Amino acid sequence: MTKDQAKAKIEILSKQLDEHNYRYYVLAQPTISDYDFDMLLEELIKLEKEYPEFLKPDSPSQRVGGQVTKEFKTVKHKYPMMSLGNTYSEEELRDFDDRIKKGIAEKFEYVCELKFDGVAIGLTYKDGHLVQAITRGDGEQGDDVTTNVKTIRSIPLSLRGTHYPKEFEIRGEIYMPLKEFESINKEREELGDALLANPRNAAAGTLKMQDSTVVAGRKLDCFLYYLLGEKLPHQSHYENLLEAKTWGFRVSEHMARCADIDAVLKYIAHWDNERHKLEFDIDGVVIKVNSQEQQRVLGFTAKSPRWAISYKFKAERVSTILESISYQVGRTGAITPVANLKPVLLAGTTVKRASLHNADIIEKLDVRVGDTVYVEKGGEIIPKIIGVDVSKRAAHTHKTKYITKCPECDTPLIRGEEEANHYCPNENGCPPQIKGKMEHFVSRKAMNIDSLGGETIGQLFDSGLVKNIADLYDLKKEDLLPLERMAEKSATNLIAGIEESKQVPFNRVLYALGLRHVGETTAKKLAYYFKNIDALMKANVEQLLEVGDIGEVIAKSIVAHFRDKKNIEIIERLKNKGLKFELSEEQLAATSDKLKDLTFVISGVFSKFSRDDLKKLIEQNGGKNVGSVSGKTSYLLAGENMGPEKLKKAEKLGVKIISENDFVKMIG
Ligand code: IVH
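So, here's what we can say about the structure.

On to the overall build of the protein. Of the regular secondary structure elements, the protein holds 25 helices and 20 strands. A compact globule built from 668 residues would reach a C-alpha radius of gyration of about 26 Å, and the protein, at 29 Å, matches this within 12%. Expressed as lengths along the three principal axes of its C-alpha atoms, the size of the protein is roughly 85 × 80 × 50 Å. Put simply, the protein has 668 residues, and 49% of those count as buried. Considering only residue pairs separated by 6 or more positions, the protein has 68% of its internal contacts joining residues 24 or more positions apart. Distance between charge centroids for the protein: 2 Å, based on 99 positive and 101 negative side chains.

What follows is the structure in C-alpha cells.
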C-alpha cells in the first residue's frame, strides 16, 4: 500500500465507522454486526499505527482510550452553566406558569423533557469537530474531561452534514445505563471491592478517572438537551434540538411540545408512572419555554433561567414490617445483612427484601425485627431501609444484635480496621465461600473449565467429593458417575476439562485462586513482576507496593492470604498436580530486569507500538508506568504530538526525554 492509498483508506474507514456509530448509538438502528464493526475498527487502528501521520484527533479509534490524565485542567465556561429552579407540586408549577404569562404577553408553548440523573457536560464544537468537554464545576468553571468524553460512543467527534454553526456549545447529561451499573457492581462484589452507590455517582466517578481506557470500558452514554451559540439555525429550542440530531447528537425521543400547563402536568404524570421502564435513571421532568426569543425576554435570575424549571419526582417511599434479618455470606466471606420485609409494592415492583448494608447502619437506624420501616428506592437499584416509624414500635422489641459468628459455618466473624463489613475468615471451610471460590476458579477468564457448572459444583461439594479447588484434580470418572444427572459423556468431558486446565498460564492460575481484590489485571501484573508463585508468596507489603497500581489494601490482603497455611497447602497440592505456577519460557523470554527501578511517562503517538504495548513492555522489563512527570520520573518516552505541558515539565525537572527507538535499544 502506498502512503496515499493508506491515507485514503484511513479516511474511508473513519467515515464508515462514524456512520455505524451514529446508527448504533444515536438512532439505535445498527446495520452491521458488532463483530464486523470490530473488524473495521481493528483495520483502522492497524493502519493508523503504521501511518501515525494520518491519525486524526477525532478518529473513531480514539474511542478506545489510551491516554492518562493525572490532573484535569480547570477551564472557564464561555456561558455560565446555570442550574434550574425546582418544583415539587402542581401548585408550584402553576405559579411558574403564572410568572411566564406575566413575563410574555403573546402566545407561547412549553417543551417537556426528562430530567436525566447524571453529570452535566458542556461540549464545544468548532468547524464540526469536538474541541472541548467541560463538567459543570461551580457553574463558572469546570474540569476539562475531553479525553474521557471522547470514549463515549454516542458523542460525535466530528459532525455529520454541513449545516451546523461554525462554533457552538451543546449541553447534556452523561449517565451510566442501569445495566452497565449492575454489571460493574456484580463484578466488584465478586472481587470483594466496595460497591458503587448509584448510577449517578458511578458516572461522575468514571468521568474523572485518570485512565481513559478504563472509561472506555465502562459504557457511559449521553443525552443532549441545550444548544448555545450566536448563530443557531432555528427560532425554537425544539427545532434546534431536532436539527442537532441530524448533526449526529443523541437527543431524547421523549421530548414533547406542550400547549399549556395542563399538558405539562399530563406529561409529568405519565413519566412518574413509566420511568421505571427506562434503561436509565431520571429524577424528574424539565419544562422549558420553547421560543428562543421569548426565552431572551424572560432572561435569567442570578442562579437559573426564568424560562425553565424542573419538576422533581417524589422519592418513592413506602412503609412495611421488618419480619426478620438474615445474613448472606459472599465468595470473599463478606457478610451482608438483608432485611426480609412484608411484601410491599414500590416503584412498580414488589419488594420483599432490602439491603441493610452493615452493622453501623443497623446501629444508626436502631432498626429492630417487628418494626414498621420506611423503604425507599432512590438512585440505588436495591431498595434500602431509610428509617423506622418509632411511633408504631411494639412494647417489647429487642435491639438488634449483629451476629458474631458466621451463619454458615459458625466461625467468629472479624472486621478490619477501616472496613465497613464483617468477614467470615474461614475461607477454606465455609460452604458458600468454597462453592463461590470454585465457581470463580473454573470461570472462563480463570481456568476455563466450562464442563463444570454451578450446579455440579454444588453436587460435588454436598456429596463431600470436593472440599476445595485442589480436590478437583483428584477426581476420577468413577467418582462422578453415581452423581444424579451425571451421564458417562458429561463425566468424561468434565475430567478432560479439568486435565486441560493444567495448561492455563500462570497469570490466569493466579487470578483463579481468587485472592481478595486481585482481579484479572492485577493478577497479570503480579505474575509478570514476580514471575513465579514462590517469589510472590515471599513478598512483603513494601515489595508489593513496588508493583504498579498496587495499593496498601491490596498489598496487605495478598500478604494475609499467603500467611494462611491452608492456602499454602492448596497451592502446594495444585503445584504437584502440574498447574502452572511460573511464567512459561515464552512469557519469560518477553521479560527482563533491564528497566528495574526505572519510572516512565509515556506521551504522544508512536509508530512501532501502541501505547498499551509500550506500557506492557515497560512492565515486562521490570519498569513502572506513571501518568505524570515528576522529579522521580526516570524517562519521558516521547512520541509525536505529545502534550506540551509534559515536555515543559520534563525539561524543567531535567527528566531524560527518549524516543521510541531509544526505548527499543534500552530493552534490546
Ligand atoms: S436544561 C439553563 N434539560 O438538571 C438550563 N437540564 O437541576 C440548562 N438536567 O444542570 C439545563 N436533564 O445537569 C436541562 N432535559 C434536561 C435535563 C437537565 C437533566 C440536569 C442538568 C442541570 C440540572 C439542573
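That covers the picture; the talk isn't over yet.
Okay, the site of the ligand next. In the vicinity of the ligand, 13 residues are found, and the nearest of them are Glu113, Leu114, Glu173, Tyr225 and Lys288. One of the backbone nitrogen or oxygen atoms of Phe116 is found 3.0 Å away from a nitrogen atom of the ligand. Within the side chain of Lys288, an N or O atom sits 3.0 Å from a nitrogen atom of the ligand. For the ligand, the protein covers 91% of the area, taking 530 Å² as the surface of the free molecule. Looking at the shell around the ligand, the elements with two or more residues in it are β3 (110-116), β8 (221-228) and β10 (282-289). Looking at the shell around the ligand, the element that brings in the most residues is β3, giving four residues. Residues of the shell around the ligand, tallied by class, amount to eight nonpolar, no polar and five charged.

Overall, antiparallel pairing links the four strands, which are arranged β5-β4-β7-β8 in an open sheet. Looking at the sheet topology across the chains shown, the edges are occupied by β5 (129-135) and β8. This sheet shows a mean twist of 30° between the axes of neighbouring strands, independent of strand direction. One ladder, built from eight bridges, connects strand β4 (residues 119-126) with strand β7 (residues 167-175); its direction is antiparallel. If you follow Ile121 over to β7, its bridge partner there is Gly172. Contacts between helix α6 (residues 199-207) and the sheet are confined to β4, β5 and β7, with β4 contributing the most and set at about 45° to the helix. In the packing of helix α8 (residues 237-247) onto the sheet, the strands contacted are β7 and β8, and the crossing angle to β8 comes to about 130°.

At a minimum axis separation of 11 Å, helix α3 (residues 90-103) and helix α9 (residues 261-274) run at an interaxial angle of 145°. Seen along the crossing, α3 lies across α9 with a hand that is right-handed. Residues Glu90, Leu93, Arg94 and Asp97 of α3 form the contact with α9, whose own contacting residues are Ile261, Asp262, Leu265 and Ile268. A per-class count over the contact of α3 with α9 returns four nonpolar, no polar and four charged.

Before going further, it helps to spend a moment on the pairing of β8. Remember that side chains alternate between the two faces of the sheet whenever the strand is regular. Within β8, eight of the eight residues are buried, leaving the element largely enclosed by the surrounding structure. Where β7 meets β8, seven bridges bridge the pair, whose relative direction is antiparallel. Across the sheet, residue Ile174 finds its bridge partner in β8, namely Cys222.

For the rest of this paragraph, the subject is the environment of Lys652. With respect to the secondary-structure elements, Lys652 resides in helix α24 (residues 644-653). Residues Lys652 and Leu41, 611 residues apart in the sequence, show an inter-C-alpha distance of 39 Å.

All right, on to the environment of Ala334 then. Within the secondary structure, Ala334 sits in the loop between β12 (316-329) and β13 (335-346). Assessed through its relative accessible area of 14%, Ala334 is described here as buried. Among all residues touching Ala334, those that are not within four sequence positions of it are Gln328, Val329, His422 and Tyr423.

Let us now look at the pattern of salt bridges. Note on pairing: side chains with opposite charge can pair once their charged atoms come close. The full count for this structure, using the stated rule, is 43 salt bridges. A salt bridge links Glu293 to Arg296; the shortest N-O distance between them is 3.0 Å. Of this pair, Glu293 and Arg296 both sit in helix α10 (residues 292-298), three residues apart, which is roughly one turn of the helix. Residue Glu293 is classed as partly exposed on the basis of its relative accessible area of 41%. Given a relative accessible area of 58%, Arg296 falls into the exposed group. Residue Lys399 is joined to Asp366 by a salt bridge in which the shortest nitrogen-to-oxygen separation is 3.5 Å. Taken together, the positions of Lys399 in the loop between β16 (384-388) and α12 (431-442) and Asp366 in the loop between α11 (359-365) and β15 (372-377) put the pair 33 residues apart, joining distant regions of the chain.

Before going further, it helps to spend a moment on α6. Every buried residue of α6 is accounted for by Pro199, Ala202, Ala203, Thr206 and Leu207. End-on view of α6: buried residues confined to an arc of 125°, all on one side of the axis.

Our next topic: the side chain of Thr397. Among the secondary structure elements, Thr397 is positioned in the loop between β16 and α12. Owing to a relative accessible area of 18%, Thr397 belongs among the buried residues under this scheme. There is a polar contact of 3.2 Å between the side chain of Thr397 and the side chain of Arg368. Ignoring sequence-local partners within four residues, the contact set of Thr397 consists of Arg368 and Val369.

Analysis parameters
Each residue is numbered by its place in its chain's sequence as written, counting from 1. Since the coordinates come from a predicted model, pLDDT governs what is reported: local features require at least 70, and pairs of side-chain atoms require 80 or more to be given and counted, while whole-chain, interface and lining totals use all residues. Note: side-chain values were computed over all heavy atoms of the structure, leaving out hydrogens and water. The way it works is that DSSP assigns letters per residue, a run of H or I at least four long becomes a helix, a run of E at least two long becomes a strand, and they are numbered from the N terminus. We take the radius of gyration over the C-alpha atoms and set the globule estimate at 2.2 Å times the residue count to the 0.38 power. Each residue gets one of three labels from its accessible area relative to the maximum for its type: buried under 20%, exposed over 50%, partly exposed in between, using a 1.4 Å probe on protein chains only. Whether two residues are in contact is decided by their heavy atoms, any of which lying within 4.5 Å being enough. The charge count treats Lys and Arg as positive and Asp and Glu as negative. His and the chain ends do not count. To locate a charge, take NZ of a lysine, CZ of an arginine, CG of an aspartate or CD of a glutamate. Working definition: residue near molecule or strand if any one of its non-hydrogen atoms lies within 4 Å of it. Think of a polar contact as two N or O atoms within 3.5 Å of one another; within protein, one of them needs to be a possible hydrogen donor and the other a possible acceptor, and neighboring residues in sequence only count if both atoms come from side chains. To be clear on the numbers: accessible area is Shrake-Rupley with a 1.4 Å probe, and residue cover counts the displayed protein chains and nothing else. All residues other than Ala, Val, Leu, Ile, Met, Phe, Trp, Tyr, Cys, Pro, Asp, Glu, Lys and Arg, Gly among them, are scored as polar; the first ten of these are nonpolar and the last four charged. In this scheme, strands are said to pair when DSSP sees at least two bridges between them. A fitted line through C-alpha atoms serves as each axis, taken over the contacting stretch for helices, and the angle formed by two N-to-C directions is quoted from 0 to 180°. Here a crossing is called left-handed whenever its near helix is offset anticlockwise from the far helix by less than a right angle, and right-handed whenever the offset is clockwise. Salt bridges, as used here, are contacts in which a Lys or Arg side-chain nitrogen is within 4 Å of a carboxyl oxygen on Asp or Glu. By arc we mean the arc of the directions from the helix axis to the C-beta atoms, nothing more.

Functional significance is not addressed by these values, which are geometric in nature.
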